[in-house]
Amino acid sequence: MRYVIIGNSAAGVFAAETIRSLDKSGRIEIISDERYPAYARCLTSYYLAGQMSEEQMMIRNEEFYANNEIVLNTGQKVTGIDTAERQVRTDNGHIYGYDKLLIATGASPVMPDIPGAEMKGVFGLRTLDDAKGIAACAGQGGHAVVMGGGFVSLKAAYALLKAGLSVTCIVSSGQILSQMLDREAARILGDLLISHGLDIKFHADAAEIAGDSIDGEMTARSVKLTTGETIPADVVIIGKGVTPNTGFLSGSGIAVDRGILVNEHLETTVPDIYAAGDAAQALDILTGQRSINAIWPNAAEQGTAAGRNMAGSPVVYEGSLGMNSADFFGLSTIAAGNPKAEGDEYEVVKLFPGRHLYRRLVFKGDNLIGYILVGNTARAGILTSLIRERVPLGSAKNELKQGRIGQRLLW
Amino acid sequence: MKQILVKTERCIGCKSCELACSTVHSGSKDFLAAVLKRERPVRRVTVETNRENTVNIPVQCRQCREPKCVTACMTGAMHLDEATGLVLNREEKCVGCWMCVMVCPYGVIVPNEEDKKAVKCDQCLSGGHNPACVKACPTGAIKFIEISEFDKNRKKEFLTKFVAGEEA
Amino acid sequence: MDYLKKTIDSAAGKMIEKAAKEGVETVWDRFEAQQPQCGFGLTGLCCRHCNQGPCRIDPFGDGPQYGVCGADADLIVARNLLRQAAAGAAAHVDHAYEAVETLAAAAGGSAAYSVKDRNKLLAVAGKLGIETENKSDNDIAQEIVGIAWSDFGNHSDSTMKWLVATAPEERVAVWRKLGVLPRNPDREIREALHQTTMGMDADPVNLILATVKQGLVDGYAGLHLGTDIQDILFGVPAPVVAEANLGVLREDHVNIVVHGHEPMLSEKIVEWARKLSDEALAVGAKGIQLAGVCCTGNEILMRQGVAMASNFLAQELAIITGAVDAMVVDVQCIMPSLARVAACYHTKIFTTSPIVKMPGAEHVDFTLSEADQKAEEIVRKAIENYRRRDKSRVDIPDVKTKMMAGFSVEAIVAALAKLDADNPLKPLVDNIANGNILGAVGTVGCNNVKVAQDSFHVNMVKELIQNNVLVVTTGCSAQALAKAGLMTSEATEKYAGDTLKAVLTAVGNAAGIGAPLPPVLHMGSCVDNSRIGDLLTALAGYLKVSIKDLPVAASAPEHQHEKALSIGTWAVSLGLLTHLGIVPQIVGGKKVTEILTGDTAESLLGGRFYVETDPIKAAHGLIEHIKSKRKALGL
């Protein structure tokens, strides 16, 4: 059996690991457009903050590949799939034949269409190379402009603040983390970040990146806002969302919506070809629709489930759940499910148990369908489980509405 | 493999296990010394009780065979140790992102805010694999025992009562 | 030598081994079975004051921080402490109350009791401002009783008369400023119980002040009142030589052990045992051997020279010798296990107090009106019970030590008067001033099964006397030190530092002993801590300083009883650094702990608690304190 996996991050690696545990003899090849063993992209901000070394970011070391007899082909980008011939082509001319194929290509930052976006000193923050580039552009005392108020942007802004830069965050809406948090939670986090020196420009957008020519290369120097204001910038980080890496699939016959469409076995519309992770559009537990919840735990679970199916041990993927966790200056925040749901069919409970403490619980009938915890997030997993398992709450609901989170909610 | 199992009818909710767990994870390793030094050790066990307060259970990591915390861990710190069957956290790799806290269905991974490390029960592996909570339990409610043996004992207890006519 | 973790007393050790061999459960077995002890209780963080509880506060901060009612850790700890101190004070006040009742009976012409010590009677009357000329002893006693009763019946805001009459003026002023002067002991104890019920005082500081008040209640309506009245009734102790440890029991005698705290019964038992001694011959014994356990033992040791069997932790072990025909108990520190242990042998336990009964024991209701009949009845039953003794099970450890006791303040002053009749305190003060005596420490209090029996008392005291610190002692501490041989002239030779040895030798020779005084002076039972207070009051008065400025300290190395807490609080209120060798159940309250062991207590009262669980470190902590006080005095 020949297994080919495109992508060497959470979904790819967990899939390879799972396949090997079920199929001791098959040939497993991973193709990666990067030059590193598997590392955690979510950790790039920790690297940027100087909190961890490059080695620490590796989720699996090189021995892992050797020990599991997994062939890792780095530095090559897949350019196309021939589903009839069961072949994958890469940009350096290699052709990989497969019996089972997993597409775990992840996603890429969306770069804004504004003047100067192509300059040196303008980065997304996704890869280790991005982080290295940012670090090279600006050190302690430098100025950074972060575009976007989402999770990636704020993690980047937080990292740069910790690294000693002055940071301006440009948020087009009126609140940060608008996908994950409600206004109340966002305000607590925003105030905390501001109190630690983060400059946030709400209701603003970058109109243009201006720069100088240094060594013959246009290098970013400032960001001009739609409000007319100009902010100095040694480095500009773009955090305006990501888009699944599916471009190479055009013409392959594999159906792509926002991401690659997969069924309950994580199989694409073409047999023996599977997709997992941030590139895949799989079942969402809450909505019953197919969507992308692009976070590490979902990618790793999808990789594991896809691996099983590929290795002939069929399993139904239970579906993904939107959730995320952030910790800024010691204030932990976790949100999951559909925490921002509003409307008559929902029951929303907001609790403010103390300074820097906030709980938002969203119920639909007898079920919890979303929550936000700001501060003291211990036991959040119990709530996640209530959502995931659709546990009928009964009398536990009142307890939960008073903010008491204990294991007996599951009993 | 031995597991930490509970005879719930013997748990009186005294929380001695909680304090013993805090103590072995303190710097002093001595209860009174740790209190006097105002240490803040993080315990890995919590005594939970049902709504009727008729059943108490000390809850700690269940050492899942398919641990959600491990798939959620983006650093590879949290892992399933093949040799012991335990879910362990390599603290040197842990960055305190709390993804594991977010997904653990039992709520037994504790975010140690001070060190920014996720903390969980390792059945006192580093201390000789002899769980402090078990030793501390004054009623013998918490057992460190093979599941099969625990099961056998429970069946025997039931049958003894059944034969004696105490259990219908 | 397996027993060394349980006791350093070889007699006790042998009996622990005998108990194990015979399958008899003792306090050490029960302690083992109790492990682990609940941490919430250990730290004082468990509250059971109302039925919404029990509540407990997580000492490590990741569990509940408030009880159901809203009380935080410090409040719960402070409430518990006040209740404990009130209970301790209640024990001593109740004891003193019975002494006053006894003196009232004596003054009223009782056949069983009389005023035995006219000098003490006059001294007490003098302090209370009672005119004594041309009055009979009984009339004076009657008036003394009247003043004692008036304290218990005081419905005004005035301070207890006994306190004002016996406490140093400077201290009274300090206590007045803090608003902690007790009015009526019963009222203060009642108020403490009220103050600590659900929904009352929520201020830990106010509760600590109330605890200080309980210390004063104990000090003056318990200790001082008790000692004064008992001295009048039974005589002020004078130096006496006796023997200590289980080896005092005799195989061929009827052995009667008295245990508890009050002299009213034990004095009568002594009297009747001596009277009925010949009757023992009729049952085949050669006589009656009496021996004491705990403070009732100290009372009859100090005044009658009766042998001491052992202290608190060995009470069961006395029975395990198989040689005790009767154990007669009155009040306090009587283990409820005694009847179970006695049931393993032929021993009869006689309870005598209406508030101390025990299933399996025989109750003889001891009353003042029938004191003689009851004491006679008990002694006769003890003699009769000798017949039931199983001689094959008798094993009396061959361990006993000589000891000197009876050092009341009056006795110490009398000994010093041999050196300077006009100014008896001068030789003592001079020797403190020139550094021959570095200072003094009073070691008091109990045994506690959490440390090897007697080990803390003995190891700490050896270190102290080696460093020329004079030790005075009472209670189970005194018994521990006696058993260790520290109440002998030889101990001075062997353990005392050179300069202390020289002073004790000079005083001993002058007093006609022909040998040094012991380095450890036995001053009596636990209510006799008042004697230590009086000695300090006299010294401070002589030097015209406050007690808090003296180079002295107090220590309760193995304390277990609530009484130790109220006495300890009294000692702190007197201005003494008061060492505790076992962590008290307060450490869960950070503020409370800091107040009691830190600068706050010291700045307000001059004293503070000092917790140190290592005996040698504790000795040096006390020595450092003494040195700092010497320095402040310019010595």
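Here the structure is a predicted model, which is why all the values come from computation and not from measurement.

## So, the sheet that holds strand β5 (residues 87-90) of chain A
Residue and element names in this part refer to chain A. Read from one edge to the other, the open sheet built from 3 strands follows the order β4-β5-β6, with strand pairing classed as antiparallel. Looking at the sheet topology across the chains shown, the edges are occupied by β4 (78-82) and β6 (95-97). Averaged over all pairs of adjacent strands, the angle between strand axes in this sheet comes to 20°, irrespective of strand direction. Here β4 pairs with β5 via 4 bridges, running antiparallel. Looking at the pairing, G80 lines up with R89 of β5.

## So, the interface of chain C and chain B
How big an interface is tends to be stated in terms of accessible area lost as the parts join. Between chain C and chain B, the contact holds 19 residues from the first and 21 residues from the second. In total, about 1,700 Å² of surface goes out of reach between chain C and chain B, with carbon and sulfur atoms giving 66% of it. Remark: the boundary between chain C and chain B carries 1 salt bridge. Here D58(C) makes a salt bridge to R43(B), at a shortest N to O gap of 3.5 Å.

## Overview of the interface of chain B and chain A
Counting residues at the interface gives 36 residues for chain B, matched by 45 residues for chain A. Here chain B packs against chain A, burying approximately 3,000 Å² in sum over the two surfaces, 56% of which is carbon and sulfur. Considering only the surface of chain B that becomes buried against chain A, R51(B), M74(B) and M102(B) emerge as the three largest contributors, covering 26% of it. Our count for the chain B to chain A interface comes out at 6 salt bridges. Across the pair E318(A) and K68(B) runs a salt bridge, and its minimum N-O distance is 3.3 Å. Where chain B packs against chain A, one counts 20 residue pairs in polar contact (both at pLDDT 80 or more). Elements supplying a minimum of two residues to the side of chain B that touches chain A: β2 (46-49), β3 (56-59), α3 (68-72) and α4 (99-103) of chain B. Partitioned by chemical class, the residues of the side of chain B that touches chain A number 19 nonpolar, 9 polar and 8 charged.

## Describing the packing of aromatic side chains
Geometry of an aromatic ring pair is reported as the spacing of the ring centres plus the angle between the planes. All names here are of chain C. Considering all chains together, one arrives at 13 aromatic pairs over all chains under this definition. Summarising the aromatic geometry, the rings of W149 and F152 are spaced 6.2 Å apart at their centres and angled 70° between planes, so their arrangement reads as edge-to-face. With W149 and F152 both in helix α6 (residues 137-152) and 3 residues apart, this pair spans about one turn of that helix. Of the residues examined, W149 reaches a relative accessible area of 29% and is grouped as partly exposed.

## What about the domain arrangement of chain C?
Residue and element names in this part refer to chain C. Each domain of chain C was delimited in the assignment, giving domain 1 (2-56), domain 2 (73-234), domain 3 (246-393) and domain 4 (409-632). Taking only C-alpha atoms into account, the centre of domain 1 sits 33 Å from that of domain 2. Between domain 1 and domain 2, a total of about 660 Å² is buried, with carbon and sulfur atoms accounting for 61% of that surface. On the surface where domain 1 and domain 2 come into contact, there are 0 salt bridges. The tally of links between domain 1 and domain 2 comes to 4 residue pairs in polar contact (both at pLDDT 80 or more).

## Topic: the arrangement of the chains
By contact count, the dominant pairing among the 2 pairs of chains in contact is that of chains A and B. Between chain A and chain C there is no contact, and the shortest C-alpha to C-alpha distance separating them is 10 Å.

## With respect to the sheet that holds strand β14 (residues 552-556) of chain C
Residue and element names in this part refer to chain C. Taking strand neighbours across the sheet as the criterion, the 6 strands line up as β13-β12-β11-β14-β15-β16 in an open arrangement whose pairing is parallel. Each edge of the open sheet carries a strand with a single partner, namely β13 (520-524) and β16 (608-611). Adjacent strand axes in the sheet meet at a mean angle of 25° when their direction is disregarded. As judged from the 4 bridges shared by strand β15 (residues 577-580) and β16, these two strands associate in the parallel manner. Across the sheet, residue L577 finds its bridge partner in β16, namely R608. Sitting on the sheet, helix α19 (residues 455-466) is in contact with β11 (439-443), β12 (469-474), β13, β14 and β15, with an inclination near 150° to β12.

## A word on the side chain of Q453(C)
In this fold, Q453(C) is placed in the loop between β11 and α19. At 3.5 Å, the side chain of Q453(C) and the side chain of N447(C) are in polar contact.

## Concerning the domain arrangement of chain B
Residues and elements named next belong to chain B. As far as domains go, chain B holds domain 1 (1-60 + 126-160) and domain 2 (63-120). A separation of 20 Å is found between the C-alpha centroids of domain 1 and domain 2. Tallying the contact residues gives 9 residues for domain 1 and 11 residues for domain 2. Of the roughly 740 Å² buried where domain 1 meets domain 2, counting both sides, 68% is carbon and sulfur surface. The largest contributions to the domain 1 side of the interface with domain 2 come from M1, V42 and R44, which together make up 58% of the buried area. Between the two partners, domain 1 and domain 2, sit 0 salt bridges. Where domain 1 touches domain 2, the interface holds 0 residue pairs in polar contact (both at pLDDT 80 or more). Tallied by class, the residues present in the side of domain 1 that touches domain 2 amount to 3 nonpolar, 3 polar and 3 charged.

## Details of helix α9 (residues 380-388) of chain A
Residue and element names in this part refer to chain A. Summarising burial for α9: 9 of the 9 residues are buried, a large majority. Among all positions of α9, only A380, G381, I382, L383, T384, S385, L386, I387 and R388 are buried. Among the residues trailing α9, R390 stands out with phi positive, at a value near 50°.

## Some points on the pairing of strand β12 (residues 199-202) of chain A
Bridging between strand β11 (residues 166-171) of chain A and β12(A) involves 4 bridges; their strand directions are parallel. When the bridges of β12(A) are listed, T168(A) appears paired with D199(A).

## Topic: the environment of S603(C)
In this structure, S603(C) sits in helix α26 (residues 599-605). A distance of 3.0 Å separates a polar atom in the side chain of S603(C) from the backbone oxygen of T600(C).

## Digging into the nonpolar core
Looking at soluble globular proteins, one finds that nonpolar side chains tend to be buried together. Membership of the largest hydrophobic core comes to 183 residues, with the highest contact counts inside it found for I144(C), W162(C), W175(C), V254(C) and I269(C). For this core, the leading source of residues is helix α4 (residues 73-107) of chain C, giving 16 residues. W175(C) has contacts with L163(C), A167(C), V180(C), L181(C), L216(C), Y220(C), S573(C), L574(C) and L605(C), leaving out every residue within four places of it along the chain. In terms of nonpolar packing, the next biggest core, distinct from the first, is built from 118 residues, I260(A), A305(A), M310(A) and L361(A) among them.

## A short note on a nonpolar patch on the surface
A cluster of nonpolar side chains, F158(B), L159(B), F162(B) and V163(B), forms an exposed patch at the surface whose accessible area comes to about 430 Å². For F158(B), a relative accessible area of 40% translates into the label partly exposed.

Rules behind the numbers
Residues numbered from 1 in each chain as written. Chains lettered and ligands numbered in written order. Predicted model: local features only at pLDDT ≥ 70, side-chain atom pairs only at ≥ 80, totals over all residues. Heavy atoms only, no water. Pairing = 2+ DSSP bridges. Helix = DSSP H or I, 4+ residues; strand = E, 2+ residues; numbered from the N terminus. Axes fitted to C-alpha atoms, helices over the stretch in contact; angles between N-to-C directions. Contact = heavy atoms within 4.5 Å. Buried area = accessible area lost by both parts, 1.4 Å probe. Salt bridge = Lys/Arg side-chain N within 4 Å of Asp/Glu carboxyl O. Polar contact = N/O pair within 3.5 Å; in protein donor to acceptor, adjacent residues only side chain to side chain. Nonpolar A, V, L, I, M, F, W, Y, C, P; charged D, E, K, R; others polar. Phe/Tyr/Trp six-rings, centres within 6.5 Å; stacked < 30°, edge-to-face > 60°. Buried < 20%, exposed > 50% of the residue type's maximum accessible area, 1.4 Å probe, protein only. Domains from an automatic or database assignment. Core = buried A, V, L, I, M, F, W, Y, C linked by side-chain atoms within 4.5 Å. Patch = residues over 30% accessible without salt bridge, like charges linked within 9 Å, V, L, I, M, F, W, Y side chains within 5 Å. Areas by Shrake-Rupley, 256 points an atom, 1.4 Å probe, with all protein chains shown as cover.

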